[in-house]
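Architecture at a glance
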Amino acid sequence: MPSVSNSDELIFFVNGRKVVEKSPDPEVNLLFYLRKVHILCLTGTKYGCGGGGCGACTVMVSRYDPKSKKIHHYPATACLVPICSLHGAAITTVEGVGSIRKRIHPVQERLAKCHGTQCGFCSPGMVMSIYTLLRNHPEPTPDQITEALGGNLCRCTGYRPIVESVKTFSPGSTVCQMKGSGQCCMDPDEGSFVSREEKICTKLYNEDEFQPLDPSQEPIFPPELIRMAEDPDKRRLTFRGPRTTWFVPVTLEDLLELKSSYPKAPLVMGNTSVGPSIKFKGEFHPVFISPLRFPELHLVKNTENGATIGAGQSLAQLKDALDFLVSEQPKEKTKTFHALLKHLRTLAGPQIRNMASLGGHMVSRPNFSDLNPILAAGNATINVMSKEGEQQIPFDDAFLEGSPETKLKPEWVMVSVSIPYTTQWHFVAGLRLAQRQENAVAIVNAGMSVEFEEGTNTIKDLQMFFGSVAPTVVSASQTCKQLIGRQWDDQMLSDACRWVLEEIRIPAAAQGGMVEYRRTLIVSLLFKFYLKVRRWLNKMDPQKFPDIPEKFVSALDDFPIETPQGIQMFQCVDPNQPQQDPVGHPVMHQSAIKHATGEAIFIDDMPPVDQELFLAVVTSTRAHAKITSLDASEALACPGVVDVITAEDVPGENNHSGEIFYAQDEVICVGQIICAVAADTYAHAKEAAKRVRIAYDDIEPVIITIEQALEHNSFLSSEKKIEQGNVEYAFKHVDQVIEGEIHVEGQEHFYMETQSILAIPQAEDKEMVLHLGTQFPTHVQEYVSAALKVPRSRIACHMKRAGGAFGGKVTKPALLGAVTAVAANKTGRPIRFILERSADMLITAGRHPLLGKYKIGFMNNGEIKAADVEYYINGGCTPDESEMVIEFIVLKSENAYSIPNFRCRGRACKTNLPSNTAFRGFGFPQVAVVVEAYITAVASKCNLLPEEVKEINMYKQTSKTAYKQTFNPEPLRRCWKECLEKSSFYARKQAAEEFNKKNYWKKRGLAVIPMKYSIGMPIAFYNQAAALVHIYLDGSVLLTHGGCELGQGLYTKMIQVASRELNIPQSYVHLSETSTVTVPNALFTAGSLGTDVNGKAVQNACQILLDRLSPIIRKNPKGKWKEWVAKAFEESISLSATGYFKGYQTNMDWEKEEGDAYPYYVYGAACSEVEVDCLTGAHKLLRTDIFMDAAFSINPALDIGQVEGAFVQGMGFHTIEELKYSPEGVLHSRGPDDYKIPTVTEIPEELYVSLVHSRNPIAIYSSKGLGEAGMFLGSSVLFAIYDAVTAARRERGMSDTFPMNSPATPEVIRMSCTDQFTNMIPRDDPSTFTPWSIHVS
Ligand SMILES: Cc1cc2nc3c(=O)[nH]c(=O)nc-3n(C[C@H](O)[C@H](O)[C@H](O)COP(=O)(O)OP(=O)(O)OC[C@H]3O[C@@H](n4cnc5c(N)ncnc54)[C@H](O)[C@@H]3O)c2cc1C
Ligand code: FES
Ligand code: FES
């Protein structure tokens, strides 16, 4: 291997600046390079997953094509771009788009002002996707907008405001199009959505403020790169790193030469397959070959027989080429192209589609490939070359299944692929189903083609290829062969289904699970193909070939991807309110512009601290075992390693309040931290961590599920109970009694910024400074102080912002902070501990899975007289907050319903899973689903609509809860009524029924969900808060309080409060960070209480200061703020004050089962309508209407942001988010590839959100805390799905009652719509195999 010194120079540009790397390391990716290499230190581009799945690291790559003389701009995920692949490219990062220091770009401005940022961690990636879109299409169409955002995840906003910010660039699209006439539906002259008397506003931003987009102002492409690209004397480049070499051949001959010398070297094109294999599977390649663009690999040739497309074309270029070809050629010739185009729209996200190459896709042959089954069914051939010559290889089953005869020899290069035109009697289609419509690999996909004898429906040739059913894409060749000569009719279909299931056998324990579902999908997709072909035959000759039944037509197409739209309504500010007073206005998030420019600093964006080390942890691979030995010698000998830290290095408590920092003798879950490696780089730490040898002896029992915990009597808490009335008596006097069980699975927080900690030991007095993204700095301080055995006063915890938290950063940062602090203490050096996404998901767990058991007694008119319910949650292996969660579950378990005889019991189970923790809604979203489920079950028994039974049983007047707290549900009634009316529920329900009558395979469903959500804590001292306000002599104000900024806009609201109280403009008030130094003993920012309690504390501090200033103001009423401040100083008046809020006086007596547990309630209602595809289990959310009781909104933009963001998170929880555990307790789903949160394509096509006005004198400015409540309203989608599934089942003659568990994944939906296909699949005896994954609820 040549030495590093004779490497070529790598030249590329970043934001117009030339970068010359003299010895570039092929193992370094662009994300690391941008963020960590000191010449750049561009930390705007974020790490979210490292595998191309989240879009946080999106940058724009620009390249000049000497042939077309055009510059091509495309989005790319920097985490998958090796720097060596960038020779001659220009990179634009968020910093290059605009900055506060220079000039913000219209994209950044509009994202911020349209409230498209909350925590801001996804925002730079969003900006880059939008910016790239606008570079290519300055006036994008709605489809282009949705397409451009499909690869970027946002966990906070619910996407609607992001889409809206981009729509402002499309001409004429800022006006709502609800009337289809360019007029806004809010216009009161027609049957308006809102009554005229209400002073309702709908504008959350003012587009008149926006700078125009001027494409001519964008930076030019560096001329030097044009010269480089046009250089006729290009020569091969060689980049040599410490361990690897990267060759850049510049001609095909050169490439073939290199391939012959290094046959095993991967040909790196998009690196979207090679990169993840290196990163996640630990593959190592000493040599890479990555060709520069040359004609043979990039051709698009149209011949008489078909098209030949260069293997180097990206999938996005392939799409453009096919789009062009289908526009040029008659439709009958381009059926394969159409099938490919359909899948190219949803395959991955736009970043990956722009990076990945056709050749890379076909050759890497992933079993889930979307294109390969179609290409094979379309009889494609690949054209390969080596030094020895060229060859055509049929792209068929032998090739896909990797048979030795057709295996691509290592020295061969695929140059192009030839895709023949289809003939007149030849039909090709691609079919797929994924957990999420876009950017999710298929659960099963297929490419199918059939050729008929001319003018007949006699099969001449048939091909069926399936993906994701075996380790490779497989063909049902035997079945196809047997069907040749048969007519395309129902009998053929029936035989085809039976035979294909015999031919393609998915083993019961197959990796990926969902075995019965996948088997069902094989035949369901085949049936769809059958219908499509029938329809097409009918078009070919309507006389000869009858059409499919009208009722089946809607089965043909997948759901279209629409651009979401909607309206947000909130109360207008009183016109008499002083102009300067910002309270009630939709003020932009205080950091929004910084989010959008990438200048907002998150923990890992902080510059390197002198001498800092990086931490990688070693976690348990067993659920319950004795550690018999731990050998770190090999790890210690690894390059860069400074130390290995174990339990023995903890100077203080290693087990604090039941939470273990480093496992010592025993492990109690997979993912428990055992030891940590501190090294000079993260790569070194990670590499060494792999070399720590740990031996285990398994211990019985291993408890994973709630059922197992119940069997073993394994609990974390005692039973909590509330009871009212006489339950037993009531059961004896009702018309009917039902009993049932509901399972609600867990949820991953998936905050975009993973847990991040920087611990800096100080030279003196054992002080330690920690910077974290946390919701509870005091808790971190407590744990670190316990671990280090140092008084809390020496531990300073700082938090400026967190990139999302959702409850996941309440307790976990304390544990991780203690682990980090122990390492910092032992090494005496600063430690940076940034969890990779997979480690974060594994270690920190999430929402508690819940099992609800119910017995309900009711009258035939739907009136519920008695309920006896039991709840169990899977708490995991340590206490965390599980006891509090179960208390909340029990207290919140009645939701909006008054049941006179009610008993509810709950208990947290102890299992060998990582400890579950707080998550938005704190148990309510799980428990209230059980309530809605049993109400729905009652409705079914009474032959009523669920909404009618809800109405009957809902609280109607001032009442007492089951724990005897008095409340007035008037806003609940209002939200409910408005929701039913404004959503036109009954009319739309009827329309859905009509639709369902006419459509057999697609069904629509609607559901309305009422909500009574309690705010705050039943323990009074948990509701206290403090603030510290300083006024400086220039009049500027520094505000601090105990609350944490997590994206919810708390700091913004606090500035609004201070501005009103001090009667000064917001610009005078600054809020920098939250820290244990400024406000001691602050409680967590959670429970929707942040604004309530900190607002009161800030108000108090400001009022104290204003009281002190008032004599001066009285003396000089016309004076200015600054003058008053100066005067006060002269008069020795203190300009600093602590504000305090004692908290709401709540209490709960569990002995008496009563208390004033909560300060107040937030009410709401939501109506959702969905359509489900009964054949695949896919669903589409057509419309949602939300009515949320906000009382008086301090900031409607932020409040609506919370409602919408929580709704989308709740919708994800109940539909597509699915954690997969092995029976041994190993979490399979550890990243965006296998855990799907909603993307822009999942949100409602129409979304209407109204903040309903009420009074809440107890809270600041009569507001209400809205952080969590919207989460539960996401369950309206779950129940709408069940409504649709019920319609399908009813039509198929099945009972209405079936388990309404959560989430309603495509698998659950499909398997609940039982039909001839689900009935024909082979089923396995559960006692004969160990499934790949299990449910843990
Ligand atoms: C986040 C993400 C989401 C994805 N989602 C989907 C999805 O929904 N559906 C889907 O089907 N796929 C999906 N993929 C897979 C993606 O389609 C493939 O990774 C991609 O097409 C591979 O192309 P590449 O150019 O990046 O290959 P590379 O990673 O560059 O190369 C892959 C392999 O192919 C070989 N190779 C490349 N070109 C040639 C050639 N011309 N001749 C010979 N050998 C060659 C290389 O040697 C290497 O071994 C996803 C990938 C990611 C990262
Ligand atoms: S960090 Fe690159 S896509 Fe997630
Ligand atoms: S704002 Fe998008 S992830 Fe937080």
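Note: the structure precedes this text.
Residues numbered from 1 in each chain as written. Chains lettered and ligands numbered in written order. Predicted model: local features only at pLDDT ≥ 70, side-chain atom pairs only at ≥ 80, totals over all residues. Heavy atoms only, no water.

Let's shift gears to the overall build of the protein. Tallying secondary structure elements over the protein gives 40 helices and 47 strands in all. At 31 Å, the protein has a C-alpha radius of gyration in line with the 34 Å of a compact globule built from 1337 residues. With respect to the three principal axes, the spread of C-alpha positions in the protein is 95 × 80 × 70 Å. Considering the protein as a whole, with its 1337 residues, one finds that 65% of them fall into the buried category. Considering only contacts within the protein whose residues lie at least 6 apart along the sequence, 77% involve residues at least 24 apart. Accessible surface, the protein: about 46,900 Å² in total, of which carbon and sulfur atoms supply 51%. Across the protein, 135 positive and 153 negative side-chain charges occur, with their mean positions spaced 2 Å apart. (Helix = DSSP H or I, 4+ residues; strand = E, 2+ residues; numbered from the N terminus. Rg over C-alpha atoms; globule rule 2.2 N^0.38 Å. Buried < 20%, exposed > 50% of the residue type's maximum accessible area, 1.4 Å probe, protein only. Contact = heavy atoms within 4.5 Å. Areas by Shrake-Rupley, 256 points an atom, 1.4 Å probe, with all protein chains shown as cover. Lys, Arg positive; Asp, Glu negative; His and termini not counted. Charge placed at Lys NZ, Arg CZ, Asp CG, Glu CD.)

Let us look at the environment of Leu153. Mapped onto the elements, Leu153 comes out in the loop between helix H5 (142–149) and helix H6 (160–167). Each C-alpha atom, one on Leu153 and one on Phe750, is 9.9 Å from the other, the two residues being 597 residues apart in sequence.

If you trace the backbone, Lys259 turns up in helix H8 (residues 252–261). Despite its burial, Lys259 remains without a salt bridge, the nearest opposite charge being carried by Glu411 at 7.7 Å. A polar side-chain atom of Lys259 sits 3.1 Å from the main-chain carbonyl oxygen of Pro263. Beyond its immediate stretch of four places on either side in the chain, Lys259 contacts Ala265, Leu267, Ile289, Pro410, Glu411, Trp412 and Val413. (Salt bridge = Lys/Arg side-chain N within 4 Å of Asp/Glu carboxyl O. Polar contact = N/O pair within 3.5 Å; in protein donor to acceptor, adjacent residues only side chain to side chain.)

It is worth spelling out unusual backbone geometry at this point. In most cases, non-glycine residues show a negative phi, while peptide bonds are predominantly trans. The step from Glu700 to Pro701 runs through a cis peptide bond, and the omega angle for that step is -5 degrees. On the secondary structure map, Pro701 appears in the loop between strand E27 (693–698) and helix H23 (706–711). Cis geometry is found at the peptide bond from Ser1302 to Pro1303, where omega equals 5 degrees. One non-glycine residue with positive phi stands out, namely Met514, at about 50 degrees. Examined against the element boundaries, Met514 turns out to sit in the loop between helix H18 (490–503) and helix H19 (515–540).

If you check the shell around ligand 1, you find 32 residues, and the closest are Leu267, Met269, Thr272, Ser357 and Asp370. Contact between ligand 1 and Met269: an oxygen atom at 2.7 Å from a main-chain N or O atom of the residue. In this structure, His361 approaches ligand 1 through a side-chain N or O atom, which is 2.9 Å from an oxygen atom. Looking at the shell around ligand 1, the elements with two or more residues in it are helix H14 (358–364) and strand E14 (413–420). Of the residues in the shell around ligand 1, the class split is 17 nonpolar, 13 polar and two charged. (Near = heavy atom within 4 Å. Nonpolar A, V, L, I, M, F, W, Y, C, P; charged D, E, K, R; others polar.)

Before going further, it helps to spend a moment on helix H9 (residues 274–281). Those residues of H9 lying buried are Val274, Gly275, Pro276 and Ser277. Against the buried residues of H9 lie strand E9 (287–289).

Moving on: the packing of helix H33 (residues 1050–1062) against helix H34 (residues 1090–1115). Running from amino to carboxyl end, H33 crosses H34 at an angle of 30 degrees, the nearest separation of the two axes being 9 Å. Taken together, H33 and H34 sit at an angle that is classed as roughly parallel. When the axes of H33 and H34 are compared, the crossing they make is right-handed. Here H33 contributes Leu1050, Lys1053, Met1054, Val1057, Ala1058, Glu1061 and Leu1062 to the contact with H34, which in turn contributes Gly1090, Thr1091, Asn1094, Gly1095, Val1098, Gln1099, Cys1102, Gln1103, Leu1105 and Leu1106. Of the residues contributing to the contact of H33 with H34, the split by class is nine nonpolar, six polar and two charged. (Axes fitted to C-alpha atoms, helices over the stretch in contact; angles between N-to-C directions. Parallel < 35°, antiparallel > 145°, perpendicular 65-115°, else oblique. Left-handed = near helix turned anticlockwise from the far one by under 90°.)

Consecutive side chains of a regular strand alternate in pointing toward one face of the sheet and then the other. As judged from the six bridges shared by strand E12 (residues 381–386) and strand E13 (residues 389–394), these two strands associate in the antiparallel manner. Note on E13: the bridge partner recorded for Thr381 is Pro394. Counted along the chain from E12 to the antiparallel partner E13, the turn is two residues long. (Pairing = 2+ DSSP bridges.)

With antiparallel pairing, the four strands of this open sheet are ordered in space as E15-E16-E17-E18. Unpaired on one side and paired on the other, strand E15 (426–434) and strand E18 (474–475) mark the two borders of the sheet. Here eight bridges tie strand E16 (residues 442–452) to strand E17 (residues 459–467), and the two strands are oriented antiparallel to one another. The residue bridging Ala446 from the neighbouring strand is Phe466, located in E17. Sheet strands touched by H19: E15, E16 and E17. Its angle to E16, the strand with the most contacts, is close to 35 degrees.

What follows covers the pairing of E12. For E12, a buried count of five out of six residues is recorded, marking the element as mostly surrounded by other parts of the structure. Across five bridges, E12 lies against E14 in antiparallel orientation. Among the inter-strand pairings, Val384 is bridged to a residue of E14, identified as Met414.

Moving on: helix H26 (residues 812–827). For H26, which comprises 16 residues, the first-to-last C-alpha distance of 23 Å matches the rise-based estimate of 22 Å (1.5 Å per residue) to within 8%. For H26, the tally of buried residues reaches 14 of 16 residues, placing the bulk of the element in the interior. Backbone geometry just after H26 places Gly828 at a positive phi near 70 degrees. (Expected span 1.5 Å × (residues − 1).)

What follows is about the packing of helix H30 (residues 946–953) against helix H31 (residues 970–982). At their nearest, the axes of H30 and H31 sit 12 Å apart, and the two run at 155 degrees to each other. In terms of their interaxial angle, H30 and H31 are classed as roughly antiparallel. In this structure, H30 crosses over H31, and the sense of that crossing is left-handed. Of the residues in H31, those in contact with Glu947, Lys950 and Glu951 of H30 are Arg973, Trp976 and Leu980. Of the residues in the contact of H30 with H31, the class split is two nonpolar, no polar and four charged.

Counting across every chain of the model gives one disulfide. A sulfur-sulfur separation of 2.3 Å characterises the disulfide bridge that pairs Cys201 with Cys572. Torsion about the S-S bond of the Cys201 and Cys572 cystine: about 125 degrees, corresponding to right-handed handedness. Taken together, the residues Cys201 in strand E6 (residues 200–201) and Cys572 in the loop between strand E19 (565–571) and helix H20 (592–597) connect sequence positions 371 residues apart. Looking at the unpaired Cys1167, the closest cysteine sulfur is the one in Cys979, lying at 5.3 Å. Looking at Cys1167, the relative accessible area reads 0%, which means it is buried. (Disulfide = S-S within 2.5 Å.)

So, on to the environment of Ile1186. Looking at where Ile1186 falls in the secondary structure, it is placed in strand E46 (residues 1179–1189). As a C-alpha pair, Ile1186 and Leu252 span 934 residues in sequence and 59 Å in three-dimensional space.

We now examine the nonpolar core. Counting 273 residues, the largest nonpolar core has Phe466, Trp488, Phe529, Tyr871, Tyr934 and Met1188 as its most contacted members. Ranked by residue count, the leading element in this core is H19, at 14 residues. Residues within four places of Phe466 in sequence aside, it is in contact with Val444, Asn445, Ala446, Met448, Thr472, Val473, Val474, Ala476, Val500, Ile504 and Ile522. Formed by 88 residues, the second largest nonpolar core is a distinct cluster that contains Ala76, Ala78, Met355 and Val428. (Core = buried A, V, L, I, M, F, W, Y, C linked by side-chain atoms within 4.5 Å.)

What follows covers the side chain of Thr1085. By the element assignment, Thr1085 lies in the loop between strand E43 (1074–1075) and H34. Within the structure, the side chain of Thr1085 is placed 2.7 Å from the backbone nitrogen of Cys1044, a separation counted as a polar contact. With sequence-adjacent residues up to four places away left out, Thr1085 is seen in contact with Gln775, Gly1042, Gly1043, Cys1044, Leu1046, Gln1048, Leu1050 and Gly1090.

Once that is clear, we can look at the packing of aromatic side chains. Summed over all chains, the structure comprises 42 aromatic pairs. Directly above the ring of Phe602 sits Arg801, whose terminal nitrogen or CZ lies 5.7 Å from the centroid. Over the aromatic face of Phe967 sits the side chain of Lys1012, whose NZ or CZ is 5.2 Å from the ring centroid. (Phe/Tyr/Trp six-rings, centres within 6.5 Å; stacked < 30°, edge-to-face > 60°. Lys NZ or Arg CZ within 6 Å of the ring centre and 35° of its normal.)

On to the sheet that holds E19, then. A sheet is described by the order of its strands in space; here six strands give the open sequence E6-E19-E47-E46-E45-E39, paired in mixed fashion. Strands with a single pairing partner mark the edges of an open sheet, and in this sheet they are E6 and strand E39 (1002–1014). Direction of pairing for E39 relative to strand E45 (residues 1161–1173): antiparallel, over a ladder of 13 bridges. Its bridge partner being in E45, Pro1010 is matched across the sheet by Ala1165.

As enumerated under the stated definition, the model contains 79 salt bridges in all. With a closest N to O distance of 3.5 Å, Lys387 and Glu257 form a salt bridge. Of this pair, Lys387 sits in the loop between E12 and E13 while Glu257 is found in helix H8, placing the two residues 130 residues apart along the sequence. Accessibility expressed as a relative area gives 47% for Lys387, which makes it partly exposed. Here Lys997 makes a salt bridge to Glu994, at a shortest N to O gap of 3.1 Å. Pair noted here: Lys997 and Glu994 are both in helix H32 (residues 985–998), with a separation of three residues, about one helical turn. Assessed through its relative accessible area of 55%, Lys997 is described here as exposed. Among the ionic contacts, a cluster of salt bridges with common partners joins Lys721, Glu723, Glu728, Asp868, Glu870, Arg903, Arg905 and Glu1153.

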